[in-house]
Amino acid sequence: MTRRRRLRPEEHELWQQVARSTDPLHPRPKRGDAVMTKPQPLAAEENPTPVPRAAISPFAVGDRALPATETHVFPRTTSDRLHAAPLRMDAKAFTRLKRGKLDPESRIDLHGMTMDRAHGALTHFILNAQASGLRLVLVITGKGLREDPYDPMPRRRGVLKSQVPQWLQMPQLAQGVLQISPAHRRHGGDGAYYVYLRRRR
């Protein structure tokens, strides 16, 4: 351990000059100055008056949250759209129709036709059937390839199967069509549609 050496007089004088030119970091109070003391906390009352609290109404977590919105819109097949369509015919007759217990009064087979030819043939068939007073007819489209709503490429899968319900809902035929439904398997199943016609006025 090294011993401190004493300052020489000229060094001591130089140190005093430097010390006089600086401000102390923690100044010491001078004699006669008021000594600052820390503020003392107020004494608590012996019997404080309780502050009344507002009543809290019952609630559940998330009550005010905005309703969640559906972020995915899943594509629907033609069959899905037909099942979601409103019922316009008699409910009992529709139940019998779905079970295959009503026999079509006439039928048309569009299977193998081009779209242009099939559209014309369907229009002629429906208008004649309604003019003849028929109520239930069968339109055979064929099953075609399986309809894939997730297919990113526009492929021609079962074109007539997907187009016939749309044609039947167009203005020229819609006025005569009351209900469209996939056929029971005894009448063609997925490859045909029941078309229930309105009564001619």
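All figures in this text were calculated on a predicted structure; none of them were measured in a lab.

Cut-offs and rules
- Residues numbered from 1 in each chain as written.
- Predicted model: local features only at pLDDT ≥ 70, side-chain atom pairs only at ≥ 80, totals over all residues.
- Heavy atoms only, no water.
- Buried < 20%, exposed > 50% of the residue type's maximum accessible area, 1.4 Å probe, protein only.
- Helix = DSSP H or I, 4+ residues; strand = E, 2+ residues; numbered from the N terminus.
- Arc of directions from axis to C-beta.
- Contact = heavy atoms within 4.5 Å.
- Core = buried A, V, L, I, M, F, W, Y, C linked by side-chain atoms within 4.5 Å.
- Pairing = 2+ DSSP bridges.
- Axes fitted to C-alpha atoms, helices over the stretch in contact; angles between N-to-C directions.
- Expected span 1.5 Å × (residues − 1).

### Re helix α3 (residues 91-98)
For step 1, the next point in the chain: When α3 is considered as a whole, its buried residues turn out to be A93, F94 and L97. The buried residues of α3 occupy an angular sector of 100° when the element is viewed end-on, so they sit on one face.
For step 2, the next point in the chain: The inward-facing, buried residues of α3 contact β2 (136-140), β3 (177-182) and β4 (192-197).
For step 3, the next point in the chain: G100, located one to two residues past α3, shows a positive phi value of around 75°.

### Section: the nonpolar core
For step 1, the next point in the chain: L110, L122, I126, V137, V164, L168 and V195 are the most contacted members of the largest nonpolar core, which has 22 residues in total.
For step 2, the next point in the chain: Contact partners of V164, with chain neighbours within four places excluded, come to L110, L122, V139, T141 and Y193.
For step 3, the next point in the chain: Residues M89, F94, L138 and Y194 belong to the second largest nonpolar core, which totals 12 residues.

### Let's talk about the sheet that holds strand β1 (residues 106-109)
For step 1, the next point in the chain: What the four strands build is an open sheet, ordered β1-β2-β4-β3; its pairing is mixed. Two strands bound the open sheet, and with one partner strand each, they are β1 and β3. Adjacent strand axes in the sheet meet at a mean angle of 20° when their direction is disregarded.
For step 2, the next point in the chain: Against the sheet, α3 contacts β2, β3 and β4, and its axis sits at roughly 35° relative to β3.

### Regarding helix α4 (residues 115-131)
For step 1, the next point in the chain: Here α4 spans 24 Å end to end across 17 residues, near enough to the 24 Å set by a 1.5 Å rise per residue.
For step 2, the next point in the chain: Lining the buried residues of α4 we find β1, β2, α5 (159-168), α6 (171-174), β3 and β4.
For step 3, the next point in the chain: Of the residues flanking the end of α4, it is G133, one or two places downstream, whose phi is positive at about 85°.

These figures come from the coordinates and say nothing about function on their own.
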